[in-house]
Amino acid sequence: MGCLVLHKKTVSLVALFLLLLVISSNYVLYHSSFGLQSLPDDLNGVVVGSIVDLSLVAPLLFLAWQRKFSVKYFIVLMATGLIAARFIIPSEYLASFQSVMWLGVGIEGVLILFELSLLFMLVKNVPLIFKRVKSSSLPLLFSFSRALNERFPKQTFIHILCSEMLMFYYAFGTWKKKTSAEANTFTMYKRSSFITFQIMIIHAIVIETLGLHWLLHNTSIILSVVLLILNIYSIVFFIGDIQALRLNPLRVEDDRMYISFGLAKRMEISFKDIEEIIEDTHIMKQKIPNTTIEFIARDFEKVYPDLLLTLKSPIEATLFMGIKKKYQQVAIRVDDPHAFEKIVKERLEKNKQSM
């Protein structure tokens, strides 16, 4: 199993290297003195090769790197590659290939119209989703996700958009809310300096934003604006992540637990799906494999989980921007480990007896 995971990781890294090589080599070919000198008199063959590289080879390498294969995703990447070719290949070389270039723009246009129609459907269903969330007793991160799945089960664009909505909600709309003090809830950040570390990162981004924006404003306005937007987004994300972590402690119910770590990841685990609880310190101090998801607040010190849950079969977790991934084990570290271990064992035993 470990060799298989390592092999997949190696393939992914090789695909990323080749992807960067394909893009950079095509850029250097048309935008450097060395590349321009090596171009032949008849450029059509070279241009065709570059178009194939950017619209077919690069998308396939990107999919291999992400290990996510879908026809729709591939078509989107092909159209993106054709549009990128318009910027990488000088316009005078593309005179004979304008129809192919416009094909990419046309595909992107159709996809944008499709996404706008999904956005209209989302706006239409927002009142029903909010009503479902308010009537639910689950933590907001889970009730919102469940209500969304009921209406839009397989719409990736909608899930990404709603993930961003949650980020802005926690960053700006939760400052008057207090941390839950309900029974059977466990916080995960007080035994560490995780939130302090996050605040330090926010300060560093603010200082970097002011410095870089001032330095780049006179040389490249576009680059300075792009970096400014990215840094503002990062600050909003870290603030929302801190608030989501504070306001969504791990919750243990009779038959399952709801566990989230800020905006970065969340998971619903039924006790009937737990194979065993590992408490061996030696095992938990070993390197955690890729098949294990961590709910651990990390800062400057090296810390280890309190419990390692082995599942009967992989269970899906929701990651940043609504990305779904399945895991075989769950590593958890809470602020009250003894009470947490006790209630988890009680619930697990109770569910085994009722089966």
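Everything that follows concerns the structure shown earlier in this document.
Residues numbered from 1 in each chain as written. Predicted model: local features only at pLDDT ≥ 70, side-chain atom pairs only at ≥ 80, totals over all residues. Heavy atoms only, no water.

In this structure, what is going on with the packing of aromatic side chains? I would like to understand it.
The description of two aromatic rings rests on the distance between their centres and on the angle between their planes. All chains considered together, the criterion is met by eight aromatic pairs. Arranged with centres 5.3 Å apart and planes meeting at 70 degrees, the rings of Phe186 and Phe340 form a pair that is edge-to-face. Here Phe186, found in strand E1 (residues 185-186), pairs with Phe340, found in helix H11 (residues 337-354); they are 154 residues apart in sequence, far enough to count as distant. Judged by relative accessible area, which is 8%, Phe186 ranks as buried. Following the ring pairs from residue to residue traces out a cluster consisting of Phe237, Phe238 and Phe320. Its end group placed over the ring of Phe261, Lys265 keeps NZ or CZ at 6.0 Å from the ring centre. The residue whose ring lies beneath Lys265 is Phe295, and the NZ or CZ to ring-centre distance is 5.9 Å. (Phe/Tyr/Trp six-rings, centres within 6.5 Å; stacked < 30°, edge-to-face > 60°. Helix = DSSP H or I, 4+ residues; strand = E, 2+ residues; numbered from the N terminus. Buried < 20%, exposed > 50% of the residue type's maximum accessible area, 1.4 Å probe, protein only. Lys NZ or Arg CZ within 6 Å of the ring centre and 35° of its normal.)

It is not clear to me how the packing of helix H7 (residues 156-172) against helix H9 (residues 221-247) should be interpreted in this structure. Could you clarify?
Any two packed helices are characterised by the angle at which their axes cross and by the distance between the axes. Taken N-terminus to C-terminus, the directions of H7 and H9 make an angle of 75 degrees; their axes are 7 Å apart at the nearest point. Between H7 and H9, the angle falls in the class roughly perpendicular. Residue-level inspection shows Glu164, Met167, Phe168, Tyr170, Ala171 and Phe172 of H7 in contact with H9, the latter providing Tyr233, Val236, Phe237, Ile239, Gly240, Gln243, Ala244 and Leu247. Of the residues contributing to the contact of H7 with H9, the split by class is 11 nonpolar, two polar and one charged. (Axes fitted to C-alpha atoms, helices over the stretch in contact; angles between N-to-C directions. Parallel < 35°, antiparallel > 145°, perpendicular 65-115°, else oblique. Contact = heavy atoms within 4.5 Å. Nonpolar A, V, L, I, M, F, W, Y, C, P; charged D, E, K, R; others polar.)

All we've got here are geometric facts, nothing functional implied.
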